[in-house]
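# Observations on chain architecture
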Amino acid sequence: RQRQMCIRDRQRTLRFDFNLGLQNWSEAGDIRNSAGDFDSNGFALEFNIHTAGRAYKSPSLLWGATFGISGYDSNIPGLFGYYGDDLQLSTFYLTSSVKWVVSDTRDNQIYVDVGAGYYSVSIDEYDNYCYYWSCGSINYYDDDGFGGFVGLSTDFDVGRRGGARVTAGIKAHFVDFDAPLEIASDSDLDGTILQFQIGISTH
C-alpha cells in the first residue's frame, strides 16, 4: 500500500512523445485538374513536449508545444517530366498545446488534447534525378494561416514502470487555406483533417 501511494503521489516532469500517423483530409482529395488528382489519405509525423506539476489526485494540465508534418501523393505529373515525380502536397504545423489529464492510473493515462497555432501547406514536385546529391524541386503553391486541433490520447505501460510507454490517439485539425489556382484547381483546402496516431512517450 505504501508503494502504491508513492506511485500515485509522484510529480510529473517533462513528457515527450513521437508519433507516426495516418490521416484523412477529404478536401485534399478534391484538389484535381485535367491531369489527375490528390489522395485524400496521407501520412503524418508528430512530436510533442509538455510539462506540468500537479499531483495525481486531481486532474492536471500539461502545457507545451506540438510540431507536425504530413504528406499526400497525387497522380498529377510535374514539369520535370521523365526525371520528375508526381506533385506532392505537404503540411506543417507548430502550435502551443495543452494536455488535460482526465484519468491517471497505474497502467495508463488518458488525455484530452487541445492546440492552436501556425499551419502551412505547399504543393511541390521533387526531381527524381540527383546530381552529386543535389536534388531539384519546383514549388507550385503555398499558403499559411491560423489553425488548431482537438483530440483524445492514451499512454499505456507495456514494460518497466517509469520507462517508455506506448501512446495512441486521434486528433481533428481545423484550418482553412486558399484554392491552389496555380495548378488549375479552384477547390479550397479547408475542412477537417482527421488524424490517427501511435507512438512512444516518455515522462
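What comes next is a walk through the structure. Here the structure is a predicted model, which means the values were calculated and not measured. (Residues numbered from 1 in each chain as written. Predicted model: local features only at pLDDT ≥ 70, side-chain atom pairs only at ≥ 80, totals over all residues. Heavy atoms only, no water.)

## Some thoughts on the side chain of Thr 95
Looking at the secondary structure, you find Thr 95 in strand β6 (residues 88–104). If near-sequence neighbours (up to four positions away) are discounted, Thr 95 is found in contact with Gly 64, Ala 65, Thr 66, Gly 115, Ala 116, Gly 117, Tyr 118, Tyr 119 and Phe 149. (Helix = DSSP H or I, 4+ residues; strand = E, 2+ residues; numbered from the N terminus. Contact = heavy atoms within 4.5 Å.)

## Comments concerning the environment of Arg 15
Counting through the fold element by element, Arg 15 comes out in strand β1 (residues 14–24). Every residue in contact with Arg 15, bar those within four places of it in the chain, is listed here: Asn 48, Ile 49, His 50, Leu 62, Lys 99, Tyr 111, Asp 155, Thr 167, Ser 201, Thr 202 and His 203. Of note is the side chain of Arg 15, whose polar atom sits 2.9 Å from the side chain of Asp 155. (Polar contact = N/O pair within 3.5 Å; in protein donor to acceptor, adjacent residues only side chain to side chain.)

## Here we look at a negative patch on the surface
Together, Asp 176, Asp 178, Asp 186 and Asp 188 give the surface a local cluster of negative charge. When you line up the elements, Asp 176 lands in the loop between β9 (165–174) and β10 (192–202). (Patch = residues over 30% accessible without salt bridge, like charges linked within 9 Å, V, L, I, M, F, W, Y side chains within 5 Å. Areas by Shrake-Rupley, 256 points an atom, 1.4 Å probe, with all protein chains shown as cover. Salt bridge = Lys/Arg side-chain N within 4 Å of Asp/Glu carboxyl O. Lys, Arg positive; Asp, Glu negative; His and termini not counted. Charge placed at Lys NZ, Arg CZ, Asp CG, Glu CD.)

## Regarding the pairing of strand β7 (residues 108–126)
With 16 bridges joining them, β6 and β7 adopt antiparallel strand pairing. The residue of β7 that forms the bridge with Phe 92 is Ser 120. Counted between consecutive antiparallel strands, the loop separating β6 from β7 contains 3 residues. Where β7 and strand β8 (residues 137–156) come together, 19 bridges link them in antiparallel fashion. Its bridge partner lying in β8, Ala 116 is registered against Gly 148. (Pairing = 2+ DSSP bridges.)

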